[in-house]
4 protein chains.
Amino acid sequence: MNSSETRTGVTPADFDAIMREKVPFVGDMGVRTVSLSDDTAILRLPFNERHLRPGNVITGPAIFALADIALYAVAWLVVPKADLAVTTEATVHFLSGAKPGDLMAEAKILKAGRRLLIAECHIRSAVDGSLCAHVVGTYAMPPAEK
Amino acid sequence: MNSSETRTGVTPADFDAIMREKVPFVGDMGVRTVSLSDDTAILRLPFNERHLRPGNVITGPAIFALADIALYAVAWLVVPKADLAVTTEATVHFLSGAKPGDLMAEAKILKAGRRLLIAECHIRSAVDGSLCAHVVGTYAMPPAEK
Amino acid sequence: MNSSETRTGVTPADFDAIMREKVPFVGDMGVRTVSLSDDTAILRLPFNERHLRPGNVITGPAIFALADIALYAVAWLVVPKADLAVTTEATVHFLSGAKPGDLMAEAKILKAGRRLLIAECHIRSAVDGSLCAHVVGTYAMPPAEK
Amino acid sequence: MNSSETRTGVTPADFDAIMREKVPFVGDMGVRTVSLSDDTAILRLPFNERHLRPGNVITGPAIFALADIALYAVAWLVVPKADLAVTTEATVHFLSGAKPGDLMAEAKILKAGRRLLIAECHIRSAVDGSLCAHVVGTYAMPPAEK
């Protein structure tokens, strides 16, 4: 799997720059793009002690931030300039406590319509591979470029 | 509405300390507790330019973080030591772009069961009062203290 | 509150006919439109013993059917011919067991955009007024008539 | 995959009887259990013209009913007498219109905790295999038998 397979030509380096410049809230968390393919984006959130909460697990909002940006990456796989794609809704299920360590997000297209993109994201611990969270969300897509 | 009305005795100052000490990810965002009552928690997220995203609106994960901590505040209204209350799922609908400015979260109990707390949260812009997001979530509650 | 207040002119009698003719699955359940106003639809599901499930409460899918059709009624409050409005997603929280008896649904607009309608619905027991379920859903709206 | 593999011993014939006797709302729809394994339940909803809605597609509540009962089947894979397992919440995304024809539901465990079961369900058209809907839901599980 490498970036040349993406339909829009977006590469992991491109999306790393997009996060840092356009979405600094997650850019500042240090999220990195691991790989992008035709319909899937894989991102990594490095561990940060300030993401912990009682129970010594990673706090829900940090996990949600990773999932949301992974879904945004998927929007960039579908349309060339997805800056203005916006989440309209998302549902997150927290499945097991995320141990201290990096987290991996794998987001995948469920439906790519002209106006709506529906995608799901699995969040796993990079420590032991356990499934920590599942997110399904909808993005309202910007009109196609003329 | 003032803190003496809370069933568990938790005050806004208490919950401000809880956020800073126990959930630094949101504590670092500067969220403050405005008021707590019998079944409702009102919190405020101060504006931060780094929360903006394309379209000049506040990014979804920052809004979700505010909603999630407001739902956590509600858990502290229900049981005295809710440290270990954990979100099991949450659904967020983004209703309108949140303009640059502070955000207000009002979280309210829908059902307080022995094991599950279900609550909703409305997020409004402090600039113009517009409704920006609606969240419904479930917390798994820790066993009652003996 | 009466039907003359609806923006599209749709009346409770109109929507009763729409359910029977266009959505027989819920029409056959005997759902009736109680009132329609500018942004709110109130519908009633008559009790049917075959809707019960273990625990002597009304089964989730019957409650969901009532909520979904109430959200559809709201779509008819927003555009004149909403036949082709389709649910894109919905989240239901079941808050307390619905005792044998009629159920009331009150659906209300959260956001009426050009393309998406987001609305919520509270389901209450007509027996004792208790809140049984809360639903938030999105409808993709048909293009405006020319 | 056959029924002898289920941890609780429940067989497709058992679950067909459970639906007919305990959940007549879906029993009356003619849902049948295709197979049950360790963590997955596959059920089939036979086509019925009265399930159609405008656009000549199967109505959302019929699809939700199929998904909800498939999630209930999964609860019976986890505990021996799951009569009183109740859905606490479910999120459904409708991904493409379900053409006239039978529907298949495949429900699978995401997390089986002592108190909560979280499972997802994919709904496909038996006509052409297209993915019509995705559901994630939570069941509150009854206490273990003594």
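Positions within a chain are numbered from 1, following the residues in the order the chain's sequence is written. Chain labels run from A onward and ligand labels from 1 onward, assigned in the order the entries are written. Local features are withheld for residues below a pLDDT of 70 in this predicted model, meaning they are given only at 70 or higher, and side-chain atom pairs are given and counted only at 80 or more; totals for whole chains, interfaces and linings count all residues.

Novice: Please clarify how the overall build of chain A should be interpreted in this entry.
Specialist: Where helices and strands are cited, they refer to DSSP runs of H or I of at least four residues and of E of at least two residues respectively, numbered from the N terminus. When helices and strands are tallied, chain A shows three helices and eight strands. N-terminal to C-terminal, the α/β element order of chain A is α-α-β-β-β-β-α-β-β-β-β. Projected onto its principal axes, the C-alpha positions of chain A cover 50 × 25 × 25 Å. Whether a residue is buried, exposed or partly exposed follows from its count of other C-beta atoms within 10 Å of its own C-beta, namely 20 or more, 12 or fewer, or something in between, respectively; the C-beta atoms are built from the backbone. Put simply, chain A has 146 residues, and 51% of those count as buried. What counts as a contact here is a pair of residues whose C-beta atoms, placed from the backbone, lie within 7 Å. Taking contacts inside chain A between residues at least 6 apart in sequence as the whole, the part at least 24 apart equals 67%.

Novice: Is there a simple way to think about the sheet that holds strand E2 (residues 40-45) of chain C in this case?
Specialist: Sheets are built from strands that pair by backbone hydrogen bonding, the pairs being arranged parallel or antiparallel. For two strands to be treated as a pair, DSSP must find no fewer than two bridges joining them. Read from one edge of the open sheet, twelve strands run E1(C)-E2(C)-E6(C)-E7(C)-E8(C)-E5(C)-E5(D)-E8(D)-E7(D)-E6(D)-E2(D)-E1(D), paired in antiparallel fashion. Across the chains shown, the open sheet's two edge strands, defined by having one partner strand only, are strand E1 (32-36) of chain C together with strand E1 (32-36) of chain D. The mean inter-strand angle of the sheet, taken between neighbouring strand axes irrespective of direction, is 20°. Summarising the sheet, strand E6 (residues 103-112) of chain C and strand E7 (residues 116-125) of chain C pair through nine bridges and their orientation is antiparallel. Counted as the bridge partner of Ala-105 of chain C is Ile-123 of chain C from E7 of chain C. Only the stretch in contact is used when a helix axis is fitted, and all axes are lines through C-alpha atoms; the angle between N-to-C directions ranges over 0 to 180 degrees.

Novice: Even after reading the chapter, I still don't get the relation of the copies chain B and chain D, so can you show me in this structure?
Specialist: Relating the two copies of this chain is a rotation about some axis coupled with a shift parallel to it. Overlaying chain B with chain D gives an RMSD of 0.0 Å, the required rotation being 180° about an axis along which the chain moves by 0.0 Å. Taken together, the rotation and translation describe the operation of a two-fold axis. Of the residues that chain B buries at the interface, 100% are likewise interface residues in chain D, meaning the two copies contact each other through the same surface. Least squares is the method used to superpose the copies, on C-alpha atoms of residues holding a pLDDT of at least 70 in both.

Novice: Please clarify how unusual backbone geometry should be interpreted in this entry.
Specialist: Excluding glycine, a negative phi dihedral is what most residues carry, and trans is how most peptide bonds are arranged. Positive phi, close to 60°, is recorded for Asn-56 of chain B, a residue that is not glycine. Inspection of the secondary structure puts Asn-56 of chain B in the loop between strand E3 (52-53) and strand E4 (57-58).

Novice: Just checking my understanding: could you explain the interface of chain B and chain D for this structure?
Specialist: A common measure of how large an interface is: the accessible area buried when the components associate. Taken together, the contact between chain B and chain D spans seven residues of the former and seven residues of the latter. If you list the elements that add at least two residues to the side of chain B that touches chain D, you get strand E5 (86-94) and strand E8 (131-140) of chain B. Here the element with the most residues in the side of chain B that touches chain D is E5 of chain B; it accounts for three residues.

Novice: What am I meant to see in the interface of chain A and chain B here?
Specialist: Contact residues are listed per partner, giving 29 residues for chain A and 29 residues for chain B. Breaking the side of chain A that touches chain B down by element, the ones donating at least two residues are helix H2 (24-27), helix H3 (60-78) and strand E5 (86-94) of chain A. Per-element tally for the side of chain A that touches chain B: the top contributor is E5 of chain A, with nine residues. Among the residues making up the side of chain A that touches chain B, the classes are represented as 14 nonpolar, eight polar and seven charged. For this classification, Asp, Glu, Lys and Arg are treated as charged, while Ala, Val, Leu, Ile, Met, Phe, Trp, Tyr, Cys and Pro are nonpolar and the rest, including Gly, are polar.

Novice: What's the story with the packing of H3 of chain A against helix H3 (residues 60-78) of chain B in this structure? I'm lost.
Specialist: How two helices sit against one another is set out by the angle between their axes and by the gap between those axes. Running from amino to carboxyl end, H3 of chain A crosses H3 of chain B at an angle of 155°, the nearest separation of the two axes being 9 Å. Overall, the two elements H3 of chain A and H3 of chain B adopt an arrangement that is roughly antiparallel. Here the hand of the crossing between H3 of chain A and H3 of chain B comes out right-handed. Along its contact with H3 of chain A, which presents Gly-60, Pro-61, Phe-64, Ala-65 and Asp-68 of chain A, the element H3 of chain B presents Gly-60, Pro-61, Phe-64, Ala-65 and Asp-68 of chain B. In what follows, roughly perpendicular refers to angles from 65 to 115 degrees, roughly parallel to angles under 35, roughly antiparallel to angles over 145, and oblique to any angle outside these ranges. Crossings are classed by handedness, with left-handed meaning an anticlockwise turn of the near helix from the far one by less than a right angle and right-handed meaning a clockwise turn.

Novice: Please explain helix H1 (residues 12-22) of chain C as it appears in this structure.
Specialist: Along an α-helix, residues three or four positions apart point the same way, because every turn accommodates 3.6 residues. All names here are of chain C. Of all the residues in H1, the buried ones are Phe-15, Ile-18 and Met-19. Around the axis of H1, the buried residues are gathered within 95° of arc, so they sit on the same side. Exposed residues pointing more than 90 degrees away from the buried face of H1 are listed as Ala-13 and Glu-21. This arc corresponds to the set of directions leading from the helix axis out to the C-beta atoms.

Novice: Explanation requested: the relation of the copies chain A and chain B in the structure shown.
Specialist: Note on the identical chains: chain A maps onto chain B by a rotation of 180° and an axial translation of 0.0 Å, with an RMSD of 0.0 Å. A shared interface surface links the copies, since 100% of the contact residues of chain A are contact residues in chain B too.

Novice: Sorry, what's going on with the environment of Phe-15 of chain B here?
Specialist: All names here are of chain B. Assignment of secondary structure puts Phe-15 in helix H1 (residues 12-22). Judged by C-beta crowding, with 24 C-beta atoms within 10 Å, Phe-15 ranks as buried. When the C-alpha atoms of Phe-15 and Thr-33 are compared, they prove to be 6.8 Å apart, with 18 residues separating the residues in sequence. In contact with Phe-15, not counting residues within four places along its chain, are Val-10, Thr-33, Leu-36, Ala-73 and Trp-76.

Novice: Looking at this model, I keep getting lost on the pairing of strand E2 (residues 40-45) of chain A. Mind explaining?
Specialist: Side chains on a regular strand alternate between the two faces of the sheet. All names here are of chain A. Note: strand E1 (residues 32-36) against E2, four bridges, orientation antiparallel. Bridge pairing in E2 links Thr-33 to Leu-43. The turn linking E1 back onto E2 is made up of three residues.

Novice: What's the story with the sheet that holds E1 of chain A in this structure? I'm lost.
Specialist: Across the sheet, which stays open at both edges, the twelve strands sit in the order E1(A)-E2(A)-E6(A)-E7(A)-E8(A)-E5(A)-E5(B)-E8(B)-E7(B)-E6(B)-E2(B)-E1(B) with antiparallel pairing between neighbours. In this open sheet, the two strands that pair with only one neighbour each are E1 of chain A together with strand E1 (32-36) of chain B. When strand polarity is set aside, the average angle formed by the axes of neighbouring strands in this sheet is 20°. Two strands pair when backbone bridges link them, and strand E2 (residues 40-45) of chain B and strand E6 (residues 103-112) of chain B are joined in this way by six bridges, in the antiparallel orientation. Residue pairing for E6 of chain B: Arg-44 of chain B is matched across the bridge by Met-104 of chain B.

Novice: Would you take a moment to explain the pairing of strand E5 (residues 86-94) of chain C for this structure?
Specialist: With nine of nine residues buried, E5 of chain C is to be regarded as a mostly interior element. With five bridges joining them, E5 of chain C and strand E5 (residues 86-94) of chain D adopt antiparallel strand pairing. Pairing of Ala-90 of chain C across the sheet is with Val-92 of chain D, part of E5 of chain D.

Novice: For this particular structure, what's the right way to read the nonpolar core?
Specialist: If you look at soluble globular proteins, the nonpolar side chains tend to sit buried side by side. Nonpolar cores are built from buried Ala, Val, Leu, Ile, Met, Phe, Trp, Tyr and Cys residues. These are joined into a set through C-beta atoms within 7 Å. Grouped together as the largest cluster of nonpolar side chains are 220 residues, with contacts concentrated most on Leu-66 of chain A, Leu-66 of chain B, Leu-66 of chain C together with Leu-66 of chain D. Setting aside anything within four residues of it in sequence, one finds Leu-66 of chain A in contact with Val-31, Leu-43, Leu-45, Leu-103, Ala-105 and Ile-123 of chain A.

Novice: Explanation requested: the environment of His-122 of chain A in the structure shown.
Specialist: All names here are of chain A. Topologically, His-122 is positioned in strand E7 (residues 116-125). Distance from His-122 to His-134, taken between C-alpha atoms, is 4.8 Å for residues twelve residues apart in sequence. Those residues in contact with His-122, other than ones at most four positions away along the chain, are Glu-106, Leu-131 and His-134.

Novice: Can you walk me through the environment of Ala-90 of chain A in this structure?
Specialist: Looking at the secondary structure, you find Ala-90 of chain A in strand E5. Residue Ala-90 of chain A is classed as buried on the basis of its C-beta count, with 27 C-beta atoms lying within 10 Å. Sequence separation of Ala-90 of chain A and Val-135 of chain A is 45 residues, and the distance between their C-alpha atoms is 6.8 Å. Apart from residues no more than four positions distant in its own chain, Ala-90 of chain A is found in contact with Asp-68, Val-135, Val-136 and Gly-137 of chain A together with Val-92 of chain B.

Novice: Would you mind showing me how to read the confidence of the model for chain A here?
Specialist: Detailed reading of the predicted coordinates is not advisable wherever pLDDT falls low. The predictor attaches a confidence to each residue, and that confidence, scored 0 to 100, is pLDDT. The pLDDT averaged across chain A works out to 94; a share of 95% of its residues lies at or above 70. Model confidence for the complex: the whole-complex pTM is 0.94, and ipTM, which rates the interface, is 0.94.

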